[in-house]
Amino acid sequence: MKILIIGSGGREYSIALKLKEEKNIESIYFAPGNGATSRIGQNLDIKDYKDLAKFAQENEIDLTIVGPEAPLSDGVVDIFKTYNLNIFGPSKNAARLESSKAYMKDFLAKNNIKTAKYLNTDNKDEAYKFIDQLKTPLVVKADGLCAGKGVIICQDHQEAKNAVDDMLSGSSFGDAGKRVIIEEYLDGFELSFFAICDGKNFVSLPVAQDHKRLLDNDEGPNTGGMGAYAPSPLANKNLIKKIEEEVVKPTLVGMQNENEPFCGVLFVGVMVVENEPYVLEFNVRFGDPECEVLMPLIDENLSELLLDASKGKLKDIKLKDNYAVGVVIASEKYPYSSSKKEKIDVKQIPQNTHVIYAGVSEIDGELYADGGRVLVCVGYGKNINEAAKNAYLLCDNISFNGMQYRKDIAWQVLNER
Ligand code: AMP
Ligand code: GLY
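It should be emphasised that the depicted structure is a prediction, and the values quoted were computed from it without experimental measurement.

> Tell me about the sheet that holds strand β7 (residues 138–142), and name the residues and values.
Strands belonging to one sheet form pairs held by backbone hydrogen bonds; the direction of such a pair is parallel or antiparallel. With respect to topology, four strands assemble into an open sheet ordered β6-β9-β7-β8, the strand pairing being antiparallel. A single partner strand is all that each edge strand has here, and the edge strands are β6 (118–121) and β8 (151–154). Taken pair by pair, the neighbouring strands of this sheet meet at an average axis angle of 15°, ignoring direction. Bridge count for β7 against β8 is four bridges, and the pairing is antiparallel. Bridge pairing in β8 links Lys141 to Val151.

Here it is in structure tokens:
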């Protein structure tokens, strides 16, 4: 099979690394890829999606896999389908589950799926009235895509009103904030739930947990994610069943009813409150860094699985009886500003570990840190402790100036380390 992967991060690198093991893979292309993906396949400098579809057609690409949300919400799947190409991901309209929080919340309400009580409005007076009815803390969200920054947890009513003012006026998030969601604060623990969907059917992946804050003990600013692990012992069978029955199934049925069957990865951001799963958000793609710990746990031919899903013919999935932990190594000034390029030194790769490259570029055959989240150290093992120990052993073998990483990934489930 010839595969095209759209995206440039650790998520896309990890998908490719998994595919590379598979005997049926002839070649892998990346658009645009990063400084290390060119060591696995070929990077393409084609930005226009129509041109990319033409490339895929001319080069007989068997399957295109879309990593990030932006191309999905721009309609890359719709474009590829007009060229009769196989592509794994949701249509532009189905991607609204992620690209519009207003659409997503109204969809949840319509389909009786549990979520925080909310108001969806573009009217300031209505917003103020609803804010006054809620207890503190409370949450204000911009409707559109804001690269993970459009959510503000407000400690009092005035802070929430100020956040609404800044969003509705366009001053904080431009057009993405011209409609807001105000919601009650849910106090629980978060899980990342992933289902591979073919429009009608789905298979669930191991439940993961992300670590969004920059610093240990969940302190510091929010980031794209500083580490993840799976499967999480916090998700017992009963909870997984509830998420499948009460969230994933009604979502697939609801999307069929909207005439937008959902094909792709349904990533449910779940808040578990007193054993009940509430949907915080949907994403319509693999999480990053969650994908990096999920790929090594799939005991299946991934290219066949995703190709079947893209054709509406999903079969079962086999998973490994293993655990994986991924520790993100970021550059010095992440997430505030960019840092200067720094040469990455890798001493050795210990057993049961591998490096996933993200924000890197290649200069004269050497890899340089060249982005916020630079790489992910993945370790695996028979339990979380072993997997975390291996991931951190790998971290000890990596160095570049200014590198930073959390020392407590998987803390919610580690017995000791
Ligand atoms: P979202 O992009 O909607 O997932 O929000 C980003 C983060 O904000 C989530 O991962 C949660 O940690 C937090 N968050 C969002 N909504 C709520 C809520 N209703 N209650 C508590 N925390 C929330
Ligand atoms: N790790 C969270 C995300 O990819 O949105």
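> Now, about the side chain of Glu260: what can you tell me, with residues and values included?
You can see Glu260 is positioned in the loop between α9 (237–257) and β16 (262–273). Buried charge without a salt bridge: Glu260, with Arg96 as the nearest opposite-charge side chain at an N-O distance of 5.2 Å. For Glu260, the residues in contact, after removing those within four places along its chain, are Ser91, Asn93, Ala94 and Met255.

> Mind laying out the environment of Leu367, listing which residues take part and the relevant values?
Considering the arrangement of structural elements, one finds Leu367 in strand β23 (residues 366–369). C-alpha separation for the pair Leu367 and Lys389, spaced 22 residues apart in sequence, amounts to 25 Å. Not counting chain neighbours up to four residues away, the residues in contact with Leu367 comprise Gly35, Ala36, Arg39, Glu342, Lys343, Ile344, Tyr357, Val360, Ser361 and Glu362.

> Describe in detail the site of ligand 2, supporting the description with residues and values.
Neighbouring ligand 2 are the residues Asp210, Gly224, Phe267, Arg285, Gly287, Asp288, Pro289 and Glu290. Within the contact set of ligand 2, a nitrogen atom lies 2.9 Å away from a side-chain nitrogen or oxygen of Asp210. In this structure, Asp288 approaches ligand 2 through a main-chain N or O atom, which is 2.9 Å from an oxygen atom. Across the complex, the protein chains shield 87% of the 200 Å² of accessible surface that ligand 2 would expose by itself.

> Explain the pairing of strand β24 (residues 373–381) to me, using residue names and the numbers behind them.
Of all nine residues in β24, seven are buried, a share of seventy percent or more. Relative to β24, strand β18 (residues 323–330) runs antiparallel, the two sharing eight bridges. Looking across to β24, one finds that Tyr323 is bridged to Gly381. In this sheet, β24 lies alongside strand β21 (residues 353–357) in antiparallel orientation, the contact comprising five bridges. The residue bridging Ile356 from the neighbouring strand is Val376, located in β24.

Analysis parameters
Residues numbered from 1 in each chain as written. Chains lettered and ligands numbered in written order. Predicted model: local features only at pLDDT ≥ 70, side-chain atom pairs only at ≥ 80, totals over all residues. Heavy atoms only, no water. Pairing = 2+ DSSP bridges. Helix = DSSP H or I, 4+ residues; strand = E, 2+ residues; numbered from the N terminus. Axes fitted to C-alpha atoms, helices over the stretch in contact; angles between N-to-C directions. Buried < 20%, exposed > 50% of the residue type's maximum accessible area, 1.4 Å probe, protein only. Lys, Arg positive; Asp, Glu negative; His and termini not counted. Salt bridge = Lys/Arg side-chain N within 4 Å of Asp/Glu carboxyl O. Contact = heavy atoms within 4.5 Å. Near = heavy atom within 4 Å. Polar contact = N/O pair within 3.5 Å; in protein donor to acceptor, adjacent residues only side chain to side chain. Areas by Shrake-Rupley, 256 points an atom, 1.4 Å probe, with all protein chains shown as cover.

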